[in-house]
Structures are given as structure tokens and as C-alpha cells.
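One-letter residues, chain by chain:
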Amino acid sequence: MSADAAGYRAAVIGCSAGGLEALRRLLRPLPEDMALALVVVSHMAADSNGLLPELLARTCRLPVVEAEEKTPALAGRVHVGPAGYHLLVEADGTFSLSLDDKVNNVRPAIDVLFDSAADTWRAGLVGILLTGANSDGTAGLGRIRRRGGLCLVQDPDTAFADTMPRSAVNAGFADHVLELDRMADFLCTLPGARRSGQ
Amino acid sequence: MIRDDLQDLEIQLFLEALALRHGYDFRRYAKASLKRRVRGLAETEGVREISDMIPRLLQDEGFLPSVLSHLSVPVSEMFRDPAVFLALRRGVLPLLDSYPRISIWLPGCATGEEPYSLAIMLQEEGLLHKAQIYATDINDAALAKAEEGIYPEKTVTAMAAAYLAAGGRKSLSDYFHTAYNFSKIDDQIRKSIVFAHHNLVADGVFCETHLVLCRNVLIYFERQLQNRVLELFHEGLVRGGYLCLGNRESLSFTSCENLFRPLDRKHRIFKKAGGLA
Ligand SMILES: C[S@@+](CC[C@H](N)C(=O)[O-])C[C@H]1O[C@@H](n2cnc3c(N)ncnc32)[C@H](O)[C@@H]1O
């Protein structure tokens, strides 16, 4: 396992079709002493009309907030990108938003978040790609791996929409292919994932 | 040094060259998205390394326009966030009516959708005849398009609902002449707007304004540059003038937090407070 000395620091999560349910199942079991900063981008955010953080907060022990520009990604918190904007992470760990052209025909694009987060957190980053019906996120996972991070992909056979996770698996970018309900447990065993150690 | 870090360095040198050679300073833009745009430029230019573009930047005058149009992001929509336009229509325009002449500035106007949206509203509220609208941007290609006022017919059709949600009293198509799948904005609306090149990083205030509408531009700037630009708006606004920012932009933690007071928090509309003029 290739986390830097301090262990993992952040996890970026991308999802599309079927994402709300998948996010809930991923986040629900996470313990209160989570030490990773969690950052979520969903193609479906627009449909939820800015309510995604609220919807997720109902079934998650960790605070869930919308990611605001110039504010830092904080340990033990879930940050959700606003609908319609690309979400990026700057070198100092703060968020940026942009209205740049769509990437992979979508805005927010998972690749945009993953690329920038990979540059910031490098070996301290976990990339997680969930259900979706396009191939956004594959290139981003590629960059996360190249910079020493760890890539988790939802098992395509059990995903609501398998195209997105399958694309990443086929590209050879998945360090681990996991069923959704095993992902939280797995995340918790990573060095640096919990405040108390394990 | 690994390739990704080397590329960061090359981007830094490229921005340095752009600033020193041409006076366009992108060094205080938010880096993460700017990096993507510089990489996009390299791809369009078909060069392998970012640094391959530096000699051209120094020697070839003709290169600058395409650099600028790649680094700035002229993405806009008519009546984007209709609730904000509705809030302006109901909450701000009636207050502007008390002035004998109204001057409005839209920095970062991109391809003109926003100034035209505003002008249509002013027309419907009976204020256009006494309004002067200045719409500025750093991107000359976008400004040229804005000045033309011609959009694909289908984008106008697609924005019809947003226009109504923003309190529109007629039909958006009433303001356009359509032929061959293109729609041209009505001349009276078009002529109410002065489009001009203005760089928020380097240029100063050029007129006294009652309303500054600057949406989705500050998100591209680092804090220090945001502060400069907000101070510029403050300086340009009359006492009691209005500032409207983008839906995900705020004055919190900026140097201007106390120079304005929120008029409509949800829609990011602020009023210049008294004190220093
Ligand atoms: C995303 S667009 C926003 C367009 C419009 N205000 C809206 O919200 O729909 C950002 C605009 O800011 C312009 N811009 C970027 N840097 C600028 C600068 N230094 N001075 C003036 N305009 C700038 C870009 O060229 C682009 O047109």
C-alpha cells in the first residue's frame, strides 16, 4: 500500500446514474472518527436542486456540506460539489469552482475533480468511482494512480449502471474492485483513515 | 523531477512570459482550472510541452488572441439562474428608478447573454431609455460575438422558460429576429449596450455606476485578486449602489466584507454601505 508517511488524507468520490443510493450506502457505515476529507461529485446533483448535501446528511454520521470556493477540505467531513460547476482542489487543499466547458459532456466532471485532487494529495489520495452510464472518471483515476494514490472501483456487476466502473476496470486503473457494502469497511482499514488509528 | 511537477513549472514560466511580454497577468488566477486551460491550449496548438509555446508567445504577436481566448472562459447563458434576475427585477430595478440616469456595469460579460438579458428586463420595467449599460471582458473574440448579438435559434428557444421564470412579461422570441436558424437581438436592445475591452486585473474604474453585475468571474481568481477587483467595484459604485455576484460567490473573508451589506443573501445581491466613498 503506497500511502505517504502520514497515511491517506482524502478520498474523492465520483458517481452518476444511480449515484444517490450508492452514495448513501457508501457513506452510511462511516464512523464519526473518520480522518479523511471526503469529496463528492455527482452528475445527478442538478436533479436534486442543491439538496444533495441535505439528502446525504440524513443517513450519514459525518457532517455533509456543499463545497464552497476558497474553503478547505476538512478531515471527517463530506464535501459535495454544487450542481453545474466543476469542482477542483487547489495545491493548498482549498476548493475552486469553474464554469469551464463541459468535460466528457458533463459539468461537474469527475475527471476534473480527480485530476486536481491527484496533484494536491498525490500518494495521500483515494479515488473512488461508483455507478454511472458514461466513462467519466476513468482518466482521473489514471492520474490518481500515476501520482501514487489508491483507486477503488465499485464492482460493475453489482452497480446500478455498470459503464462507468467497467470503463475504469477495463483501463486497468482499479487497485481494488469492491462491492458497495464492503467499501466503507475497506476505507476504514487504510492507514490514516481514522482519528484513533485502528 | 517527475513529469507532472515539471509541467507545473512550465505553466508557471508560461504565465510569467505572458505577463512580462504582453502585460496580461494570469498569475493570480485560481491555479487548478487555469492549469487545465493552459494544457488545453497546448493540445490545440499541437505542441508536446507547455514550454514549447514560450518562444512563440515572445516572438509572435498573432499568438496572443488565441492564448487569451483559451485562458478566459466565455461561457454564458441568457437569464442564467432566473431567480436572480427575478430578484433584480423586483428588488433592485425599482430602487434604481429614483435616479435620473442609470449606469450599469457588467464585467466579464462573455458573449453578451447577460447584458442582453438585463437590457430586456430594463426595457420591460420602463428603465431602458435612461440606462447606460457597459459590458466588458478581456476576451475580444467573445466581445465581438456579444456585439453582433446573434445566437443559434435553438439556444434562444431553450432559454424561453428561464426568461419567463425571471418574470418576463412577453415572449423571449419577441426580442429576436430569426432567420436561417439564427436569432439576432433587437436593435434597440443592442444599442443600449456599450461593449468594451477591460481587464479586471490591470485596468481601473472608468465610470460611476449604480449597479455592478459580475457573476462567475471571481471564482476564477485567487483571494488577493478577488480583493482587488471587489475594491474596484466598490470604488466605481455610487454610495448605496448595488453589487450582484454569482450564485456561488460571496464577500465572506474578502477585504470588502464590511464595505457592503447584504440586500438579498440568497441571490448574492449587496448594497454599498456608507463611509468611505
Ligand atoms: C464564466 S464567464 C461568466 C459569464 C457571465 N457573467 C455569466 O455568469 O454567465 C467568465 C468571463 O470572465 C472573463 N474574464 C476572465 N478574466 C477576466 C479579466 N481579467 N477581466 C475581465 N474579464 C475577465 C472571461 O473572458 C469570461 O468571459
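Nothing here was measured: the structure is a model prediction, and the numbers come from that model.

Quick notes on the rules
Going along each chain's sequence as written, the residues are numbered from 1 onward. Chains carry letters from A onward and ligands carry numbers from 1 onward, assigned in written order. Where totals are concerned, whole chains, interfaces and linings use all residues; where local detail is concerned, this predicted model gives features only for residues with pLDDT of at least 70, and gives and counts side-chain atom pairs only at 80 or more. For the side-chain quantities, the full set of heavy atoms in the structure was used; hydrogens and water were omitted. Axis geometry follows a simple rule: fit a line to the C-alpha atoms, using only the stretch in contact for helices, then measure angles between N-to-C directions, giving values from 0 to 180 degrees. A run of DSSP states H or I qualifies as a helix once it reaches four residues; a run of E qualifies as a strand once it reaches two. Both are numbered from the N-terminal end. Put simply, angles under 35 degrees are roughly parallel, angles over 145 are roughly antiparallel, angles from 65 to 115 are roughly perpendicular, and the rest are oblique. Note: crossing handedness is left-handed where the near helix turns anticlockwise from the far helix by less than a right angle, and right-handed where it turns clockwise. Contacts are assigned to residue pairs that have any heavy atoms within 4.5 Å of one another. Put simply, Ala, Val, Leu, Ile, Met, Phe, Trp, Tyr, Cys and Pro go in the nonpolar bin, Asp, Glu, Lys and Arg in the charged bin, and everything else, Gly too, in the polar bin. Summed over both partners, the accessible area (1.4 Å probe) lost when two parts come together is defined as the buried area. What counts as a salt bridge is simple: a side-chain nitrogen of Lys or Arg found within 4 Å of a carboxyl oxygen of Asp or Glu. Here a polar contact means two N or O atoms within 3.5 Å. Within protein one must be a hydrogen donor candidate and the other an acceptor candidate, and residues neighboring in sequence count only if both atoms are side-chain atoms. For the exposure calls, accessible area comes from a 1.4 Å probe over protein chains only, and a residue counts as buried if that area is under 20% of its type's maximum, exposed if over 50%, partly exposed in between. Strand pairing follows a simple DSSP-based rule, namely that at least 2 bridges must link the two strands. Domains are outlined according to an automatic or database domain assignment.

With respect to the packing of helix α1 (residues 19-27) of chain A against helix α6 (residues 180-188) of chain A
Any two packed helices are characterised by how steeply their axes cross, that is the angle between the axes, and by the distance between the axes. Residue and element names in this part refer to chain A. Two elements in contact, α1 and α6, have axes whose closest approach is 7 Å; the angle formed by their N-to-C orientations is 40°. Here α6 runs oblique to α1, going by the angle between their axes. Where α1 crosses over α6, the two elements pack in a sense that is right-handed. Contact residues: A22, R25 and L26 in α1; L180, D181, M183 and A184 in α6. Considered class by class, the residues forming the contact of α1 with α6 number 5 nonpolar, no polar and 2 charged.

A few points about the interface of chain B and chain A
Of the residues lining the interface, 24 residues belong to chain B; the matching set on chain A comes to 25 residues. Roughly 2000 Å² of surface becomes buried between chain B and chain A when both sides are summed, with 42% attributable to carbon and sulfur atoms. Where chain B meets chain A, there are 10 salt bridges. One salt bridge in this structure joins A:D119 and B:K35, with 2.8 Å as the shortest N-O distance. There are 15 residue pairs in polar contact (both at pLDDT 80 or more) connecting chain B and chain A. At the level of secondary structure, the elements contributing two or more residues to the side of chain B that touches chain A comprise α1 (3-22), α2 (31-45) and α12 (223-236) of chain B.

What about the pattern of salt bridges?
Taken as a whole, this structure holds 36 salt bridges over all chains when the rule is applied. With its nearest N and O atoms 2.5 Å apart, the salt bridge here joins B:R248 to A:E66. Linking B:R248 in the loop between β8 (237-245) and β9 (260-264) with A:E66 in strand β3 (residues 64-66), this pair reaches from one chain into another. Here B:R248 falls in the partly exposed class, since its relative accessible area comes to 24%. For A:E66, a relative accessible area of 23% translates into the label partly exposed.

Description of the sheet that holds strand β4 (residues 176-179) of chain B
Residues and elements named next belong to chain B. With respect to topology, 3 strands assemble into an open sheet ordered β3-β5-β4, the strand pairing being antiparallel. Both outer strands of the open sheet, β3 (150-152) and β4, are each paired with one neighbouring strand and no more. Across this sheet, the average inter-strand angle for adjacent strands is 30°, counted without regard to direction. Of the strand pairs in this sheet, β3 and strand β5 (residues 182-185) are connected by 3 bridges, and their pairing is antiparallel. Each residue of the ladder has a partner; that of I150, found in β5, is K184.

A closer look at the domain arrangement of chain B
Residues and elements named next belong to chain B. According to the domain assignment, chain B contains domain 1 (3-71) and domain 2 (82-272). One C-alpha centre belongs to domain 1, the other to domain 2; they are set 29 Å apart. Counting residues at the interface gives 12 residues for domain 1 and 11 residues for domain 2. Taken together, the two surfaces of domain 1 and domain 2 that pack against each other cover about 1100 Å², and 54% of this comes from carbon and sulfur. If you look at where domain 1 meets domain 2, you find 1 salt bridge. Note that K31 and E222 form a salt bridge whose closest N and O atoms lie 3.0 Å from each other. Mapped onto the side of domain 1 that touches domain 2, the elements with two or more residues apiece are α2 and α4 (64-71). It is α2 that provides the largest number of residues to the side of domain 1 that touches domain 2, a total of 3 residues. Looking at the side of domain 1 that touches domain 2 residue by residue, the classes come out as 5 nonpolar, 2 polar and 5 charged.

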